[in-house]
Amino acid sequence: MSKTNSLRCPLCGKGRIADIPSGVEQSQYRLFALHRAEHPDLIAKCPKCGEQIGITVLTPDAHPLIHTPIHFMGYVQA
């Protein structure tokens with residue numbers, strides 16, 4: 001029994017974009033071809049067709065770390 005399900009490329013349908021836990025509904029994720037006006041939570045590249053794919057997580061409990069602000073501590077000088 002598989003512990004994960006695959007999210008497939010919405011353009012070619014062949015490329016595996018990401019894996020999600022088997023208990024999670026795939027409808028919680030919206031995959032789309034990335035355009036300039038879009039603001040996805042994640043960006044991936046399809047390994048088959050090479051297109052950039054935007055991923056939006058539709059439920060807040062699916063990605064609690066994205067809602068946690070990361071405070072800017074300053075630049076590191078080399």
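As a reminder, the structure under discussion sits directly above these lines.
Residues numbered from 1 in each chain as written. Predicted model: local features only at pLDDT ≥ 70, side-chain atom pairs only at ≥ 80, totals over all residues. Heavy atoms only, no water.

Considerations on the overall build of the protein chain
Reasoning step 1: Helices and strands together make up the secondary structure of the protein chain, namely 0 helices and 5 strands.
Reasoning step 2: Ordering the α and β elements of the protein chain from the N terminus gives β-β-β-β-β.
Reasoning step 3: For the protein chain, buried positions account for 22% of its 78 residues.
Reasoning step 4: In the protein chain, of all internal contacts separated by at least 6 residues, the share reaching a separation of at least 24 is 34%.
Reasoning step 5: For the protein chain, the exposed area adds up to about 6,300 Å²; of that, 54% sits on carbon and sulfur atoms. (Helix = DSSP H or I, 4+ residues; strand = E, 2+ residues; numbered from the N terminus. Buried < 20%, exposed > 50% of the residue type's maximum accessible area, 1.4 Å probe, protein only. Contact = heavy atoms within 4.5 Å. Areas by Shrake-Rupley, 256 points an atom, 1.4 Å probe, with all protein chains shown as cover.)

Details of the sheet that holds strand β5 (residues 52–57)
Reasoning step 1: On the basis of which strands lie adjacent, the open sheet formed by 3 strands has the order β3-β5-β4 and antiparallel pairing. The outermost strands of the open sheet, each flanked by one partner alone, are β3 (29–33) and β4 (42–45). Across the sheet, the mean angle from the axis of one strand to that of its neighbour is 30 degrees, orientation sign disregarded.
Reasoning step 2: Where β4 lies against β5, 4 bridges are found, and the strand directions are antiparallel. By the bridge assignment, A44 is partnered in β5 with I53. (Pairing = 2+ DSSP bridges. Axes fitted to C-alpha atoms, helices over the stretch in contact; angles between N-to-C directions.)

Notes on the pattern of salt bridges
Reasoning step 1: All told, the structure shown has 1 salt bridge when counted by the stated rule.
Reasoning step 2: Taking the shortest distance from any N to any O, the salt bridge between R16 and D19 comes out at 3.3 Å.
Reasoning step 3: Under the relative-accessibility criterion, R16 is labelled partly exposed at 48%.
Reasoning step 4: Of the residues examined, D19 reaches a relative accessible area of 39% and is grouped as partly exposed. (Salt bridge = Lys/Arg side-chain N within 4 Å of Asp/Glu carboxyl O.)

Brief notes about the nonpolar core
Reasoning step 1: Counting residues in each nonpolar core, the largest one holds 11 residues, listed as L7, C9, I17, I20, Y29, L31, A44, C46, I53, I55 and V57.
Reasoning step 2: Contributions of two or more residues to this core are made by β2 (16–21), β3 and β5.
Reasoning step 3: Those residues in contact with I55, other than ones at most four positions away along the chain, are I17, Y29, R30, L31, F32, P40, D41, L42 and A44. (Core = buried A, V, L, I, M, F, W, Y, C linked by side-chain atoms within 4.5 Å.)

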